[in-house]
Amino acid sequence: MRISAAWLLVLLPGVAAAQELPRALPVPGGIAAVKLAPASEPPPRAYFNGARVMVVSQDDHWHAVVGLPLSLAPGAQKLTAMGREGVGREYAFTVQPKEYAAQYLTLTNKRLVDPGAKDLERIQRDQVAVARAFGSWTEAAEPPLRFALPAQGRLSSEFGLRRFFNNQPRQPHSGIDIAAPEGAPVTAPAPGIVVETGDYFFNGNTVFLDHGQGLITMYNHLKRIEVKPGARVTIGQKIGEVGMTGRVTGAHLHWTVSLNKTAIDPLLLTPGAAPSAVSSGAGPQPAQTLQAGD
Ligand SMILES: [Zn+2]
């Protein structure tokens, strides 16, 4: 299949490149792949919930690769694609329900659970910077849709968990946590550009990578940051070290993957490379020893 597709490209250089889509799982926190116009037409511009959406070609059609928010209600949804001459067309798709488990974490530093007024000012500034990084858009004909894991270690917290810090409900888990010793390397899971770095109240030392077409990844709680904004990184390149800066209960990497400004389950982009699950081994662990956090 691959060979014939490659030959087609050689024979018909005007045809858009074919690409393997990520594992589509149209649930809240998942990905919908929506078939658009034939690939013989120019790539349409697609929008979902007001945000521009990735469009790639596969099997002679354009497909929108849509990140679905955890807060999205299951049922009928639609996206808009602007085709030739700027004519908009709506495409319907269905979001299936998914239940996410609850997770209870205990933090002894009460300030990280109930931040003071000064902390809240900083948190608001952080939120603006983080939203700006996730909102960046770089054109890329073939953004990487297959990722390597950015750190080696146990999956200490899954994506989407409904979180309680000291029994108080907080935002659901927007990424996955990989437990690893302080100083362990954090590497780029795919080629990209460093779009931002910073030190944030909850997220600690952080790197953002832009992989193109609204696909942005974020790395939190780093001990050290080893790249600068604007730098190009290749797959496997070291971008920092695992640490425990920000709101954590132990050393780990928190990894967020965002599509159209929407956090999705990173493991949808890492087929065959999932870290061992938290449930394997000796069973549930006491909250205090979980190497987790935001
Ligand atoms: Zn986390």
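This one's a predicted model, so the numbers in the text were calculated from it and none came from an experiment.

Participant: I'm lost on the overall build of the protein chain in this one. Help?
Facilitator: Scanning the protein chain from terminus to terminus reveals two helices and 20 strands. Residues classed as buried in the protein chain amount to 49% of the 294 residues present. A separation threshold of at least 6 residues defines the contact pool for the protein chain, and within that pool the share at least 24 residues apart is 69%. Within the structure as shown, the protein chain displays about 14100 Å² of accessible surface, and the carbon and sulfur contribution to it stands at 55%.

Participant: Explanation requested: the packing of aromatic side chains in the structure shown.
Facilitator: Tallied over the entire structure, the rule returns eight aromatic pairs. Ring plane angle 80° and centroid distance 6.1 Å describe the contact between Tyr-100 and Phe-159, whose orientation is recorded as edge-to-face. Taken as a pair, Tyr-100 in the loop between strand 6 (88-95) and strand 7 (102-105) and Phe-159 in the loop between strand 8 (154-157) and strand 9 (162-165) lie far apart in primary sequence, 59 residues in all. Accessibility expressed as a relative area gives 13% for Tyr-100, which makes it buried.

Participant: Is there a simple way to explain empty space enclosed by the protein in this structure?
Facilitator: Here the structure, examined in full by the defined rule, presents one cavity of 30 Å³ or more. Estimates place the volume of the largest cavity at around 30 Å³. Looking at side-chain class alone, the lining of the largest cavity contains four nonpolar, two polar and two charged residues.

Participant: Got a minute to help me understand the confidence of the model for the protein chain in this structure?
Facilitator: Predicted coordinates in areas of low pLDDT are best not read in detail. Looking at the protein chain as a whole, its pLDDT mean stands at 88, while 86% of the residues score no less than 70. Note on residues 279-290: pLDDT is under 50 here. Beyond four places in sequence and across chains, it has 12 contacts.

Participant: So what exactly am I meant to see when it comes to the layout of surface pockets here?
Facilitator: Empty pockets left among the atoms are what a rolling probe the size of a water molecule brings to light. Considered as a void within the structure, the largest pocket measures approximately 980 Å³ in volume. Lining the largest pocket are 32 residues, and of these Gln-127, Val-130, Gln-171, Ser-174 and Asn-203 sit closest to its centre. Where the lining of the largest pocket is concerned, the elements lending two or more residues are helix 2 (117-134), strand 15 (216-222), strand 19 (252-259) and strand 20 (262-264). Looking at the lining of the largest pocket element by element, the count peaks at seven residues for helix 2. Here the residues of the lining of the largest pocket are counted per class, giving 15 nonpolar, 11 polar and six charged. When residues are assigned to domains, the lining of the largest pocket turns out to be shared by domain 1 (2-95) and domain 2 (102-289), each giving three or more.

Participant: Explain the environment of Pro-185 here, please?
Facilitator: As for its placement among the helices and strands, Pro-185 is situated in strand 12 (residues 185-187). By relative accessible area, which is 47% here, Pro-185 ends up partly exposed. Sequence spacing of Pro-185 and Gln-152 is 33 residues, and the spatial spacing of their C-alpha atoms is 8.3 Å. Setting aside chain neighbours within four positions, we find Pro-185 in contact with Pro-150, Ala-151, Lys-238 and Gly-240.

Participant: Just to check I follow, could you spell out the pairing of strand 7 for this structure?
Facilitator: Consecutive side chains of a regular strand alternate in pointing toward one face of the sheet and then the other. Taking every second residue as pointing to the same face, the buried face of strand 7 carries Gln-103 and Leu-105, while none of Ala-102 and Tyr-104 on the other face is buried. Two strands pair when backbone bridges link them, and strand 7 and strand 9 are joined in this way by four bridges, in the parallel orientation. Following the sheet pairing, Leu-105 is matched in strand 9 by Phe-165.

Participant: Honestly, the sheet that holds strand 2 (residues 45-48) in this entry has me stumped. Any pointers?
Facilitator: Backbone hydrogen bonds hold the strands of a sheet together, and the pairing may be parallel or antiparallel. Taken in spatial order, the six strands of this open sheet run 1-4-3-2-5-6, and their pairing is antiparallel. In this open sheet, the two edge strands, each paired with only one partner strand, are strand 1 (31-38) and strand 6. The average undirected angle you get between the axes of adjacent strands in this sheet is 35°. The pairing of strand 2 with strand 3 (residues 51-58) spans three bridges and is classified as antiparallel. Counted as the bridge partner of Phe-48 is Ala-51 from strand 3.

Participant: Mind showing me how you'd approach helix 2 here?
Facilitator: Structural remark: α-helix, 3.6 residues per turn; residues separated by three or four positions point the same way. Across its 18 residues, helix 2 extends 26 Å between first and last C-alpha, which sits within 8% of the 26 Å expected from 1.5 Å per residue. All buried positions along helix 2 are accounted for by Asp-119, Ile-123, Asp-126, Ala-129, Val-130, Ala-133 and Phe-134. Taken down its axis, helix 2 places every buried residue within 130° of arc, on the same side. Of the residues in helix 2, the exposed ones pointing more than 90 degrees away from the buried face are Ala-117, Gln-124, Arg-125, Gln-127, Val-128 and Arg-132.

About the thresholds
- Residues numbered from 1 in each chain as written.
- Predicted model: local features only at pLDDT ≥ 70, side-chain atom pairs only at ≥ 80, totals over all residues.
- Heavy atoms only, no water.
- Helix = DSSP H or I, 4+ residues; strand = E, 2+ residues; numbered from the N terminus.
- Buried < 20%, exposed > 50% of the residue type's maximum accessible area, 1.4 Å probe, protein only.
- Contact = heavy atoms within 4.5 Å.
- Areas by Shrake-Rupley, 256 points an atom, 1.4 Å probe, with all protein chains shown as cover.
- Phe/Tyr/Trp six-rings, centres within 6.5 Å; stacked < 30°, edge-to-face > 60°.
- 1 Å grid on protein atoms, 1.4 Å probe; cavity = no way out; pocket = protein on both sides within 12 Å on 5 of 7 lines; lining within 4 Å.
- Points joined across faces, edges and corners; volume = space filled by probe spheres on them.
- Nonpolar A, V, L, I, M, F, W, Y, C, P; charged D, E, K, R; others polar.
- pLDDT = per-residue confidence, 0-100.
- Domains from an automatic or database assignment.
- Pairing = 2+ DSSP bridges.
- Axes fitted to C-alpha atoms, helices over the stretch in contact; angles between N-to-C directions.
- Expected span 1.5 Å × (residues − 1).
- Arc of directions from axis to C-beta.

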